[in-house]
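Structure at a glance
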Amino acid sequence: HITGSAWIIDHSRTHVLLTHHAKLNKWLQPGGHADGEENVLNVALREAEEETGVKTFRLLHTGIFDIDIHPIPARKDFGAHDHYDIRFLLEANREEPLIITEESHDLAWVPLKQLTTYNDSASLLRMAKKVALL
């Protein structure tokens, strides 16, 4: 499955906005299935707004920020499969209100220096390192 996701950092580039994904029970960046949408940036922007409630984003990188292929475990209603995740770098204001939806247990602006306490996957750490190089 093709997915689009958003690595959302604050203006100071010290925090990332993560969602505690309800189905996967993990802290992740917002994102979702393309479902036939050809413009994956639009998918990432739509999912970022739907999953966080944030309305205003600034695209910080004109191209793809990161690509990751990761397995999604089987659930009772869907078999195991891979996600081909196309990721975009966005900026948002930490003061903008967050809205938790049924897709997540929580939302948090996570200090990049503390990312490993939320999720220590190589995939997320790679994006954090890329931000440090900006």
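For the structure, see preceding data.
A brief structural summary. Position labels on residues start from 1 in each chain and follow its written sequence. It should be noted that, the model being predicted, local features are given only for residues of pLDDT at least 70 and side-chain atom pairs only at 80 or more, the latter also being counted only at that level, while totals for whole chains, interfaces and linings use all residues. Hydrogen atoms and water are omitted, and side-chain values are computed over all heavy atoms in the structure.

It is possible for side chains of opposite charge to pair when their charged atoms get near one another. Each salt bridge in this description consists of a side-chain nitrogen of Lys or Arg and a carboxyl oxygen of Asp or Glu lying within 4 Å of one another. Enumeration over the complete set of coordinates arrives at 12 salt bridges. Taking the shortest distance from any N to any O, the salt bridge between Asp68 and Arg126 comes out at 3.1 Å. Of the two residues, Asp68 sits in strand S6 (residues 66-72) while Arg126 sits in helix H3 (residues 122-132), which places them 58 residues apart along the sequence. Think of it in three bands: residues with accessible area under 20% of the maximum for their type are buried, residues over 50% are exposed, and the middle band is partly exposed, with areas taken using a 1.4 Å probe on protein chains only. For Asp68, a relative accessible area of 11% puts it in the buried group. Note that Asp85 is salt-bridged to Arg87, the shortest N-O span being 2.8 Å. The burial state of Asp85 is the same as that of Arg87; both residues are buried. The structure contains a network of salt bridges with shared partners spanning Asp66, Asp68, Asp85, Arg87, Arg126 and Lys130. Helical segments are the DSSP runs of H or I of at least four residues, strand segments are the runs of E of at least two, and each set is numbered from the N terminus.

A few words now on the environment of His105. Summarising the element assignment, His105 is placed in strand S8 (residues 104-111). Overall, the relative accessible area of 47% leaves His105 in the partly exposed class. Residues His105 and Thr19, 86 residues apart in the sequence, show an inter-C-alpha distance of 7.5 Å. Note on contacts: a residue pair qualifies if any of its non-hydrogen atoms lie within 4.5 Å across the two residues. Non-local contacts of His105, meaning those with residues more than four positions away in its chain, are made with His20, His21, Ala22, Asn25 and Ile100.

Our next topic: the nonpolar core. When a protein is soluble and globular, its nonpolar side chains tend to lie buried together. Only buried residues count toward a nonpolar core, which is a set of Ala, Val, Leu, Ile, Met, Phe, Trp, Tyr and Cys residues joined through side-chain atoms within 4.5 Å. In terms of nonpolar packing, the biggest core is built from 16 residues, with Trp7, Val16, Leu18, Leu115, Leu124 and Val131 touching the most fellow members. Apart from residues lying up to four places away in sequence, Leu115 is in contact with Trp7, Val16, Leu18, Val110, Leu124, Leu125 and Ala128. Membership of the second largest hydrophobic core comes to nine residues, among which are Ile8, Leu17, Val54 and Trp109.

Non-glycine residue Arg13 carries a positive phi angle of around 60°. Mapped onto the elements of the fold, Arg13 is located in the loop between strand S1 (2-9) and strand S2 (15-21). Of note in the backbone geometry, Asn25 takes a positive phi value of approximately 55° without being a glycine.

A separate point is the layout of surface pockets. Which parts of space are left empty comes out when a probe the size of a water molecule is rolled across the atoms. The rule is simple: put a 1 Å grid over the protein atoms alone, call a set of points where a 1.4 Å probe fits but cannot get out a cavity, call an open set with protein on both sides within 12 Å along at least five of seven lines a pocket, and count a residue as lining if it has an atom within 4 Å of a point. Grid points are joined across faces, edges and corners, and a volume is the space filled by probe spheres set on the points. Reported here for the largest pocket is a volume of approximately 780 Å³. Taken together, 34 residues line the largest pocket, and the ones lying closest to its centre are His21, Leu24, Leu28, Ile72 and His83. For the lining of the largest pocket, the secondary-structure elements that each account for two or more residues are S1, strand S3 (26-28), strand S4 (31-33), helix H1 (40-52), S6, strand S7 (81-91) and H3. Here the nonpolar group is Ala, Val, Leu, Ile, Met, Phe, Trp, Tyr, Cys and Pro; Asp, Glu, Lys and Arg are the charged ones; every other residue, Gly included, is treated as polar. Tallied by class, the residues present in the lining of the largest pocket amount to nine nonpolar, 14 polar and 11 charged.

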